[in-house]
Amino acid sequence: MLKTGKLLRLRRLSLAGDDRHLLVPLDHSVSDGPIVPADKWDDLLRALVAGGADGVIVHKGRARAFAPDILRSCALVVHLSASTARSADVHAKVLVADVEEALRLGADAVSVHVNIGSDTESQQLADLGAVARSCDAWGMPLIAMVYPRGPRIEDPRDPALLAHLANVAADLGADMVKTSVALPIDRMAEVVAASPIPVLAAGGPPDGSDLVEYGAAVMATGCRGLAIGRRIFSAPSPAALVSRLSAVVHGGSTISDDMSMTKYSTIVAGVA
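Fair warning: this is a prediction, and the values are worked out from it, not measured in the lab.

S.K.: An account of helix 7 (residues 159-171) is needed here, citing residue identities and associated values.
M.R.: Taking 1.5 Å of rise per residue, 13 residues should cover 18 Å, and helix 7 covers 18 Å from first to last C-alpha, within 8% of that figure. Taken residue by residue, helix 7 has Pro-159, Leu-161, Leu-162, Ala-163, Leu-165, Ala-166, Val-168, Ala-169 and Ala-170 as its buried positions. In this structure, the buried residues of helix 7 make contact with strand 6 (109-116), helix 6 (121-138), strand 7 (142-148), strand 8 (176-179) and helix 8 (188-194).

Below, the structure written as C-alpha cells:
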C-alpha cells in the first residue's frame, strides 16, 4: 500500500504523465526574503498553475496559507530544509519540518537541501538519510537538492563532481535529484548517464539570456526536468514563461536552428 502511495504521488509530479517535471521553487522567502507582496501570493500561484507548472516547492507555513482550490492541477512539494542569507554559514542547512507535517498538509513530495563541500556536510547527509527513511515509511517521494557549495569546492560545474552528487542523492534514498548544471552544458549528459535516478536541472542563466532556449539545451542532455524559481517568479508574466518552459519539458520543443548548446558553454547558470 505504501509503495502504491509513493507511485501515485510521483505520478502527480508529472501532469503529462511522461515522467518529466517542471517545478517552481518558491522557498526563497526563507533564504532571501519576500518574493512578492503578501497579498500577491495567491495570484502568483494561480499564474504558475495556469501556465502548466507540474509542482511548486514551498515551506510548510506557506503551504498552510494557500487557498484550497489553487493547486487543483499542480503538485505540492514541501521543503524541509532552511538557512538564511544572514547566517554565519549560509551553506549550513538545517531541517525545519518533517515528513509527517508534509503529509498533513497534503504534500505530493518533500525536498531536502544538502551542500556537499560545506563545513556541515556530515550533518546534512545524516539529515537526508533520516528523511529518506521516513519517506520510505510513509510512501512519500523525496527530491534531494544536492549542490557543490562551500570551501572545499574548486569547480562547481565539474561534470564528474555533479555525477558524484547525483549518486550521493540516489544512494541515500532520494527519488530525484536537483542539482547544478555542468559547463559546457552538453557535458550534463555525463551527469545524467551516471545517475540512477532522474536529474532535475536547477536554475537558469542569470545574465538575461533566453531561459527557454537554455531549458531546451538542458533537456537535450537527458535531464528529466527543470526546477527554476527566481527567473520565473520575477518575470513580467510568469504564466506565459511557465507555458513556454512546459512545452520544452513536456512537448519536445528543441533548440532553434540558429541556436546551439555552445552558446551557453561559458554561462554560469544561476540556482533556482
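Still to come is the rest of the account.
S.K.: How would you sum up the environment of Pro-141? Please name residues and give values.
M.R.: You can see Pro-141 is positioned in the loop between helix 6 and strand 7. Measuring from C-alpha to C-alpha, the distance between Pro-141 and Leu-7 comes to 8.2 Å, with 134 residues separating the pair along the chain. Residues in contact with Pro-141, not counting those within four places in the same chain, are Lys-6, Arg-9, Leu-10, Leu-13, Asp-108, Ala-109, Val-110, Cys-135 and Asp-175.

S.K.: A description of the side chain of Ser-31 should follow, citing residues and the corresponding values.
M.R.: Counting through the fold element by element, Ser-31 comes out in helix 2 (residues 28-31). Looking at Ser-31, the relative accessible area reads 17%, which means it is buried. There is a polar contact of 3.4 Å between the side chain of Ser-31 and the side chain of Asp-32.

S.K.: I'd like a rundown of the sheet that holds strand 7, residues and numbers included.
M.R.: With parallel pairing, the eight strands of this closed barrel are ordered in space as 1-2-3-6-7-8-9-10. Averaged over all pairs of adjacent strands, the angle between strand axes in this sheet comes to 25°, irrespective of strand direction. As paired strands, strand 1 (residues 21-25) and strand 2 (residues 55-58) are joined by three bridges and run parallel to one another. Of the residues in strand 2, the one forming a bridge with Leu-23 is Gly-55. Packed onto the sheet, helix 7 meets strand 6, strand 7 and strand 8 and runs at close to 150° relative to strand 7. Here helix 11 (residues 238-250) sits on the sheet in contact with strand 1 and strand 10 (225-227), set at roughly 145° to strand 1.

S.K.: Requested: an account of the nonpolar core, with residues and values cited.
M.R.: Counting residues in each nonpolar core, the largest one holds 74 residues, and the members touching the most others are Leu-26, Leu-48, Val-110, Leu-142, Leu-226 and Leu-245. The dominant element in this core, judged by the number of residues it contributes, is helix 9 (residues 211-219), at seven residues. For Leu-226, the contacting residues outside a window of four places in its chain are His-21, Leu-22, Leu-23, Ala-201, Gly-215, Val-218, Met-219, Leu-245 and Val-249. Ranked by size, the runner-up nonpolar core spans 13 residues in total, among them Leu-13, Ala-75, Met-145 and Ala-227.

S.K.: So what's going on with the packing of helix 3 (residues 41-51) against helix 11? Which residues, and what values?
M.R.: For any two helices packed against each other, one specifies the crossing angle of their axes together with the interaxial distance. Between helix 3 and helix 11, the shortest axis-to-axis distance is 7 Å and the interhelical angle comes to 30°. Here helix 11 runs roughly parallel to helix 3, going by the angle between their axes. Viewed along their axes, helix 3 and helix 11 form a crossing whose handedness is right-handed. Here Leu-44, Ala-47, Leu-48 and Gly-51 of helix 3 come into contact with helix 11, specifically with Pro-238, Ala-239, Val-242, Ser-243 and Ser-246. Split by residue class, the contact of helix 3 with helix 11 holds six nonpolar, three polar and no charged.

Rules used in this analysis
Residues numbered from 1 in each chain as written. Predicted model: local features only at pLDDT ≥ 70, side-chain atom pairs only at ≥ 80, totals over all residues. Heavy atoms only, no water. Helix = DSSP H or I, 4+ residues; strand = E, 2+ residues; numbered from the N terminus. Expected span 1.5 Å × (residues − 1). Buried < 20%, exposed > 50% of the residue type's maximum accessible area, 1.4 Å probe, protein only. Contact = heavy atoms within 4.5 Å. Polar contact = N/O pair within 3.5 Å; in protein donor to acceptor, adjacent residues only side chain to side chain. Pairing = 2+ DSSP bridges. Axes fitted to C-alpha atoms, helices over the stretch in contact; angles between N-to-C directions. Core = buried A, V, L, I, M, F, W, Y, C linked by side-chain atoms within 4.5 Å. Parallel < 35°, antiparallel > 145°, perpendicular 65-115°, else oblique. Left-handed = near helix turned anticlockwise from the far one by under 90°. Nonpolar A, V, L, I, M, F, W, Y, C, P; charged D, E, K, R; others polar.

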